[in-house]
Number of protein chains: 2
Amino acid sequence: MNLEQFQTLARAARGDVPAQCVFRGGRVVNVFTGEVIETAVAVTDGTIVGVGDQYVGETEIALDGAYLCPGFLDAHLHLESTMVTPAELIEQAVRCGTTTYLVDPHEAANVCGADGIDYILEETAGVPANVYVMMPSCVPALPFEDNGCTFDAAQMRRYRNHPRVLGLGEVMDYTATINAEPAMAEKLLLFDGRPKDGHAPMLTGRPLNAYVLAGVTNDHECASPEEVWEKRRLGMHIHVREGSAARNLEDIVRSIVREKRPTDGFSFCTDDKHIEDIRREGHIDHCVRRAIACGLAPVEAIRMATIHTARHYGLHHRLGGIAPGMQADLLVLDDLETVRIRAVYHRGAPVSGFRAQPKLPQDSPLRRTVHCQPVRPEQLALPVGACSSVIRVIPGQLVTQHMRCALPQRDGLFVPQGEFSKVAVIERHRATGKVGVGAVAGFCLHGGAIASSVAHDSHNLSVIGDNDADMLLAVQHLRDIGGGYTLVSGGKIAHTVPLPIMGLMSDAGFDRVQAALSAMIAQTHAMGVPDGISPLTLLSFLALPVIPSLRITPRGLFDVEQMRFVAP
Amino acid sequence: MNLEQFQTLARAARGDVPAQCVFRGGRVVNVFTGEVIETAVAVTDGTIVGVGDQYVGETEIALDGAYLCPGFLDAHLHLESTMVTPAELIEQAVRCGTTTYLVDPHEAANVCGADGIDYILEETAGVPANVYVMMPSCVPALPFEDNGCTFDAAQMRRYRNHPRVLGLGEVMDYTATINAEPAMAEKLLLFDGRPKDGHAPMLTGRPLNAYVLAGVTNDHECASPEEVWEKRRLGMHIHVREGSAARNLEDIVRSIVREKRPTDGFSFCTDDKHIEDIRREGHIDHCVRRAIACGLAPVEAIRMATIHTARHYGLHHRLGGIAPGMQADLLVLDDLETVRIRAVYHRGAPVSGFRAQPKLPQDSPLRRTVHCQPVRPEQLALPVGACSSVIRVIPGQLVTQHMRCALPQRDGLFVPQGEFSKVAVIERHRATGKVGVGAVAGFCLHGGAIASSVAHDSHNLSVIGDNDADMLLAVQHLRDIGGGYTLVSGGKIAHTVPLPIMGLMSDAGFDRVQAALSAMIAQTHAMGVPDGISPLTLLSFLALPVIPSLRITPRGLFDVEQMRFVAP
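Now for a look at the structure at hand. Quantities reported herein were computed from a predicted structural model and do not represent experimental measurements. (Residues numbered from 1 in each chain as written. Chains lettered and ligands numbered in written order. Predicted model: local features only at pLDDT ≥ 70, side-chain atom pairs only at ≥ 80, totals over all residues. Heavy atoms only, no water.)

This next bit is on the interface of chain B and chain A. On the side of chain A, 56 residues touch chain B, which itself brings 56 residues to the contact. The junction of chain B with chain A conceals about 4800 Å² of combined surface from both sides, 59% of it contributed by carbon and sulfur atoms. Looking only at chain B, the three residues that lose the most surface to chain A are F6, R206 and L213 of chain B, adding up to 16% of its buried area. Summed over the shared surface of chain B and chain A, the number is eight salt bridges. Seen at the junction of chain B and chain A, the total is 24 residue pairs in polar contact (both at pLDDT 80 or more). Elements that contribute at least two residues to the side of chain B that touches chain A include exactly α1 (3-14), β2 (35-44), β3 (47-51), α6 (174-178), α7 (182-190), α8 (205-213), α9 (225-233) and α14 (307-312) of chain B. In terms of residue count, the dominant contributor to the side of chain B that touches chain A is α1 of chain B (seven residues). Looking at the side of chain B that touches chain A residue by residue, the class counts come to 28 nonpolar, 18 polar and ten charged. (Contact = heavy atoms within 4.5 Å. Buried area = accessible area lost by both parts, 1.4 Å probe. Salt bridge = Lys/Arg side-chain N within 4 Å of Asp/Glu carboxyl O. Polar contact = N/O pair within 3.5 Å; in protein donor to acceptor, adjacent residues only side chain to side chain. Helix = DSSP H or I, 4+ residues; strand = E, 2+ residues; numbered from the N terminus. Nonpolar A, V, L, I, M, F, W, Y, C, P; charged D, E, K, R; others polar.)

Moving on: the side chain of D271 of chain A. All names here are of chain A. Within the secondary structure layout, D271 lies in the loop between β13 (266-269) and α11 (275-281). In this structure D271 comes out as buried when scored by relative accessible area, which is 7%. Residues within four places of D271 in sequence aside, it is in contact with H76, L77, H78, E170, H220, E221 and R241. (Buried < 20%, exposed > 50% of the residue type's maximum accessible area, 1.4 Å probe, protein only.)

In screw terms, the move from chain B to chain A is a rotation of 180° and a rise of 0.0 Å along the axis, fitting with an RMSD of 0.0 Å. On the angle and the small slide along the axis, the relation comes out as a two-fold axis. A share of 100% of the interface residues of chain B reappears at the interface of chain A, consistent with the copies meeting face to face through the same patch. (Least-squares fit on C-alpha atoms with pLDDT ≥ 70 in both.)

Quick look at the sheet that holds strand β26 (residues 492-498) of chain A now. All names here are of chain A. Spatial ordering of the open sheet is given by β18-β17-β22-β21-β24-β23-β25-β26, a layout of eight strands whose pairing is mixed. Two strands bound the open sheet, and with one partner strand each, they are β18 (400-405) and β26. Averaged over all pairs of adjacent strands, the angle between their axes in this sheet comes to 25°, without regard to strand direction. Summarising the sheet, strand β25 (residues 484-489) and β26 pair through six bridges and their orientation is antiparallel. Note on β26: the bridge partner recorded for L487 is H495. Where helix α15 (residues 468-481) meets the sheet, its contacts fall on β21 (420-426), β23 (448-452), β24 (461-465), β25 and β26, and the angle it forms with β25 comes to roughly 145°. Each of β23, β25 and β26 touches helix α16 (residues 510-526); the most contacted strand, β26, lies at about 140° to it. (Pairing = 2+ DSSP bridges. Axes fitted to C-alpha atoms, helices over the stretch in contact; angles between N-to-C directions.)

Residue and element names in this part refer to chain A. Within the open sheet, the three strands sit side by side as β27-β28-β29. Their pairing is antiparallel. The sheet terminates laterally at β27 (550-553) and β29 (564-566), the two strands that pair on one side only. Ignoring which end each strand starts from, the neighbouring axes of this sheet average 40° apart. Inspection of the sheet shows strand β28 (residues 556-559) paired to β29 by three bridges, in the antiparallel sense. Residue pairing for β29: F558 is matched across the bridge by F565.

This part takes up the packing of helix α12 (residues 284-293) of chain A against helix α13 (residues 298-305) of chain A. Angle between the axes and distance between the axes: these two values describe a pair of packed helices. Residues and elements named next belong to chain A. Following both chains from N to C, one finds α12 and α13 inclined at 145°, their axes separated by 9 Å at the closest point. Considering how the two elements wind past one another, α12 and α13 form a crossing that is right-handed. Taken together, the residues of α13 that come into contact with α12 (itself represented by I284, V288, A291 and I292) are P298, A301, I302 and A305. Across the contact of α12 with α13, the residue classes break down as eight nonpolar, no polar and no charged. (Left-handed = near helix turned anticlockwise from the far one by under 90°.)

Before going further, it helps to examine the side chain of N147 of chain A. All names here are of chain A. Inspection of the secondary structure assignment puts N147 in the loop between β8 (130-135) and α5 (153-156). One polar contact links N147 to N110, side chain to side chain, over a distance of 2.7 Å. Within the structure, the side chain of N147 is placed 2.7 Å from the backbone oxygen of C149, a separation counted as a polar contact. With residues up to four places along the chain from it excluded, the contact list for N147 reads N110, V139, P140, H429, R430 and S458.

Here it is in structure tokens:
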């Protein structure tokens, strides 16, 4: 704000001139006192200049008894996970009232490093929402990962004073953190005194104390009340997560209500929520509704969705409440039970007209991130003995089992058959030629192969199939188109969802992406994948060496519990 | 914190080595959840490294069921107002459990500008407490004041990144603020997004909205529940004040309890509290006790004294709670009703051994701040007509009345007599020779004069007497000794309290200062000052042109309500 802007706002606040717009006749949710007060709210130049019936506006919006509350904040999410552009995700979520996003672009950083982060910053510069970035702290996720970039403290330094960079993104490498290993310590100390997002499922006791000591300020991985209270007692702010996969809200909120604890250390986040779920049930508004249904007073639920989050991230001078000087991010609600959203305003303007437009140039290097040599047939050969390590997938879960069994073979090489498929992960960032091959039990794709460039967190090319030819074709196709998901059936490309932006996202529009995904998923099930298995999600997580038990990387099979590579 | 320090703390947090000290067997007040939990607290290098019974210490402190709570924060005070050095005030107050101070050195700044602020920073660098400075925003208090220094945004700029400077000090000039006048706007914008202390007694409606719009984040002047809730609803954080003069706590806390409102927007402050009052009833611990007596749950009262304040000032990553990574500022309390303090620790070390030592060199320019020409007898002459403006003082109050009446006179000049005394204010910073003279009714000092270099906010020399000779002697004596209070009786110096540091403070030790003040006050009453009048306080506020109704400045009588100078 400069002097002239300040003076313009001050004139309106004093009432010397009419405000540009007055919201009149509403019931205003006051997140400071926890009250609902019938009063008017005056807005000029996107800023709330006054609260009170004495204000008059050049324009007046009649609320007729509707509720007016501050825009919601999502305390933690990854924009890349929806496969559409950041702007398109926001187009959907902002209509649900989420006007502020605390994003951790660690998928983009794993592929393109600083360029990936710059993409997220640039893509979100013009959206009708406030997007703040937390610096990805664990890129790569583990030191031996073959990802696209090592994003270290030296690279972070230039972002530290960026007006939309608030702190350090989710600190997943808790071992390095509690041991104060130099590379991690350097990142933590770089953001000393600033918010640092946690990611510490099940961490407890002295390791948890050491994690908090390191300066991690919040956690969004709590699944049980016990975990919540142990962390909250140590001063951690708790982001109650309700996304597409992880749904922790009910247990936690019921515990807050039962224990009659203050809500001021709690926020809501989605972490990862798919567009179709946002369309179906909402975004942070869904969290608010669910919390109310769990017995939390509506105003307390709204405080968790607004001022508590703003305060945790040091944004409370501009966001999270309805008061003079705050940004006019406002929601008109029909009532405080269903929290049905009638209108959303960002900086005083309705968001309903916003349509995300593709911005990334066609010749951007971010559209050419699949760099690997053609895979030779012999690279997929998997020599096996009498007893092999096999990844057993479990319906409805991302964790796998490390199974030991005899595999079908010919001439000492694995031959996929029955419930046994072949899986391979091909390094795709630096064309190193690394290919890891293993066996999977329970996926059951027959007569083809499915491949993906979305493969957390390093996003190499993952492929599962029952014959090498289809697997090679699937990989080659993703090489040709720069990434995405593709399904090959009987030697032909059956379905493809191109994700040309870093191999993670598409700017073809959600509806096209979603239609292609649905068709592909239907056919994988038709080809034998059991109903309880989510084929694309499972494929995208098979390479993530931080989820138990057995994973596959470009360097081979990795046992997460033993933290070591194992022979097939 | 550097890497080596972090690693040392992390080892202790993990339990790989014993902590230096473990507080065991206590009931720990958890300000995050509002619980009281029996557990141990481990401390290394002044930092809490872990909470839990599994920690062992090289030293162990047995608490035997006593309560352990975080050190208290005073959200707003002026260190200069006690007449002793900042370190000596802290020596007293830290024993009462106040381990953090948010100070506004505006008295020092009015006399010596940046040098005065540097003095406060240097004097508090070695105390066993955390002292943060808010930049004085209104020096001088009004544009026409004859103070020692204009402390503007340009001078503030170099303090902005000082690790102990948090934001802007109390914004008293609300007119300049709500009108966004350039000089004030520049200061406000310099601290954009950072805490800015308010001072807005009775401000309401649109002017209050404009004041909040300007970015003022808190207020400590609320005297009634109505005022509290109007401000709190606009997002202001409320500092509930309980000092020596202003005592607003009971009304406000009873209202919080009655309305069942969340406490997270409330803190405690003393603003101005004399050493003798601190010794008698305590400091922030007294606020906590009083709040509990008013019906607030003890843990809520402690939250107001700790984490809420830390959070408002962005200090909550280090202060205000008992959690890993936080500074070991800890209080041992006998119980949660009387809040009797058994021991106080700052950075893990007991504070009880601290004794403030004079630090300012004898030849410091800060000891030579009374710069005025000798006052000539004719400068005290007060020509009067048939009807004059007279300052009427009111027992028990700082406000005065603007009285119009006939004054006793000889040859057209005022002659003090009966209830009418003469008052003069002599500019003392730049030897401009300005002397304002007026008449006071109701002070009734007979047979002498009393003078002071403590005269808010500009701290010129104020003198009241019933004869010019004694008034001149009193002023001359303060010139000779560099400031303080002095009482002249019948042509002789009767009592003097030298305040050589900026004419505001003494480093002779509180007991000596207090003994001298008491003797002086007793004699002023013996010389006729009515019991309800606090002679030194009244003298020190007679020149403050922001308290109604009539004041005296070096430029003459000033009517505060009309905001203009008036003829005597």
